[in-house]
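# Working through the structure, step by step
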Amino acid sequence: MSLSLQSLLWGLVAGSALVIGAGIAYFTHLPQRAVAAVMAFGSGVLISALSLDLMEEAFQRGGFDATAIGFVAGAAVYTLANVVLARHGAKHRKRSGTQQQSESQKSGSGMAIAVGSLLDGIPESIVIGVSMIAGGTVSIVAVVAVFLSNIPEGLSSAAGMKKAGRSARYIFGLWLGIAVICGIAAWAGYAVFSRFSDEVIAATNASAAGAILTMLADTMIPEAFESAHNFSGLITVLGFLAAFVLSKLG
């Protein structure tokens, strides 16, 4: 099997967790505190992955300049896009409570939420493909980290969509579509960026890390803190530790 096809399949595997999370939220009735705890754990996993893997890999490949520029650029682009989407009703797309706006409350919010969810998923998926460039094999740590973080993302967001009156067709159509696009993004991470220099690859990894960290601060951590604030810090630490152990075992 070609490496391009492998990157596509690994991206689909990681993206499928969004559908799994959405299914859990739609067909079960998890307590708000449980949803928040899962979000906290996923946040810790991603913080570990971006700090110990993405940024370190970027620095080793391209040095400080490419890493720093990419990191800040990724955060800035994500922030600007998020500001625009927030104005169109996607500010609370990761919230599991009643914060999300329905289509009747904000026309066009459904499309804004879809675009925002896609914006959240693409940087993580590109990293999976990029991880295959150096050694010809995928980083299992990257795949597992993205998978573990995608479950709470899909779970919390779908719970909020359901409370906002979104139909099952909208919810599952959205996450299935994003899962497929995540696979394509992972394929692009390998097929496109394997042709570029180490500095460009480093900047790409760092950009993804910056975008992911900004996403965590803007969306996942607020959801975790609101309902599980007494334990959200500890749960986040456990998520970080789980990813750290996985990276060392890998």
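For the chain, an unreviewed UniProt entry supplies the name ZIP family zinc transporter and the organism Noviherbaspirillum autotrophicum.

### Details of the packing of aromatic side chains
Counted under the stated rule, the structure contains four aromatic pairs. Consider the rings of F27 and F172, whose centres lie 5.8 Å apart with planes at 25°: the pair is stacked. Of this pair, F27 sits in helix α1 (residues 3-27) while F172 sits in helix α6 (residues 168-191); the two residues are 145 residues apart in sequence, bridging distant segments of the chain. For F27, a relative accessible area of 61% puts it in the exposed group. Among the aromatic side chains, those forming a connected cluster through ring pairs are Y26, F27 and F172.

### A closer look at helix α8 (residues 232-249)
Between the first and last C-alpha of α8 there are 26 Å, a value that for 18 residues agrees with the 26 Å anticipated at 1.5 Å per step. Burial in α8 covers these residues: S232, I235, T236, G239, A243 and S247. One face of α8 carries all of its buried residues, which in axial projection span an arc of 125°. The outward face of α8, more than 90 degrees from its buried face, is lined by the exposed residues L234, K248 and L249.

### Brief notes about the packing of α1 against α6
The N-to-C vectors of α1 and α6 enclose an angle of 155°; their axes lie 7 Å apart at closest approach. With respect to their mutual orientation, α1 and α6 come out roughly antiparallel. With respect to the hand of their crossing, α1 and α6 are arranged in right-handed fashion. Tallied by class, the residues present in the contact of α1 with α6 amount to 22 nonpolar, seven polar and no charged.

### Re the pattern of salt bridges
One pass over the full model with this rule turns up two salt bridges. One salt bridge connects D198 with R61, and the closest N-O pair in it is separated by 2.9 Å. Pair noted here: D198 is in helix α7 (residues 198-228) and R61 is in helix α2 (residues 32-90), with a separation of 137 residues, a long-range link. The exposure class assigned to D198 is partly exposed, which follows from its relative accessible area of 38%.

### Some words on the nonpolar core
Counting residues in each nonpolar core, the largest one holds 17 residues, and the members touching the most others are L46, L50, L54, I212, L216 and M220. At the level of elements, α2 and α7 are the ones that each hand at least two residues to this core. Here this core takes eight residues from α7, the largest share from any one element. Apart from the residues within four sequence positions on either side, M220 is in contact with M39, G42, S43, L46, S149, P152, E153 and M215. Formed by 15 residues, the second largest nonpolar core is a distinct cluster that contains V35, A159, M161 and C182.

### Observations concerning the confidence of the model for the chain
In the predicted model, the chain carries a mean pLDDT of 83, and 88% of its residues have values of at least 70. Mean pLDDT values over the elements of the chain span from 77, in helix α3 (residues 109-130), up to 91, in α6.

### A short note on the UniProt feature "transmembrane region" (unreviewed entry) in the chain
Under the UniProt annotation, the feature "transmembrane region" (unreviewed entry) is placed at residues 6-27, 34-52, 64-85, 126-148, 168-193, 200-221 and 227-246. Helix makes up 100% of residues 34-52 and strand 0%, and the two end C-alpha atoms of the span are 27 Å apart. When the span residues 64-85 is considered, its composition is 100% helix and 0% strand, and the gap between its end C-alpha atoms is 32 Å.

Calculation criteria
Residues numbered from 1 in each chain as written. Predicted model: local features only at pLDDT ≥ 70, side-chain atom pairs only at ≥ 80, totals over all residues. Heavy atoms only, no water. Phe/Tyr/Trp six-rings, centres within 6.5 Å; stacked < 30°, edge-to-face > 60°. Helix = DSSP H or I, 4+ residues; strand = E, 2+ residues; numbered from the N terminus. Buried < 20%, exposed > 50% of the residue type's maximum accessible area, 1.4 Å probe, protein only. Expected span 1.5 Å × (residues − 1). Arc of directions from axis to C-beta. Axes fitted to C-alpha atoms, helices over the stretch in contact; angles between N-to-C directions. Parallel < 35°, antiparallel > 145°, perpendicular 65-115°, else oblique. Left-handed = near helix turned anticlockwise from the far one by under 90°. Nonpolar A, V, L, I, M, F, W, Y, C, P; charged D, E, K, R; others polar. Salt bridge = Lys/Arg side-chain N within 4 Å of Asp/Glu carboxyl O. Core = buried A, V, L, I, M, F, W, Y, C linked by side-chain atoms within 4.5 Å. Contact = heavy atoms within 4.5 Å. pLDDT = per-residue confidence, 0-100. UniProt positions renumbered as here; feature names shortened; annotations may be inferred.

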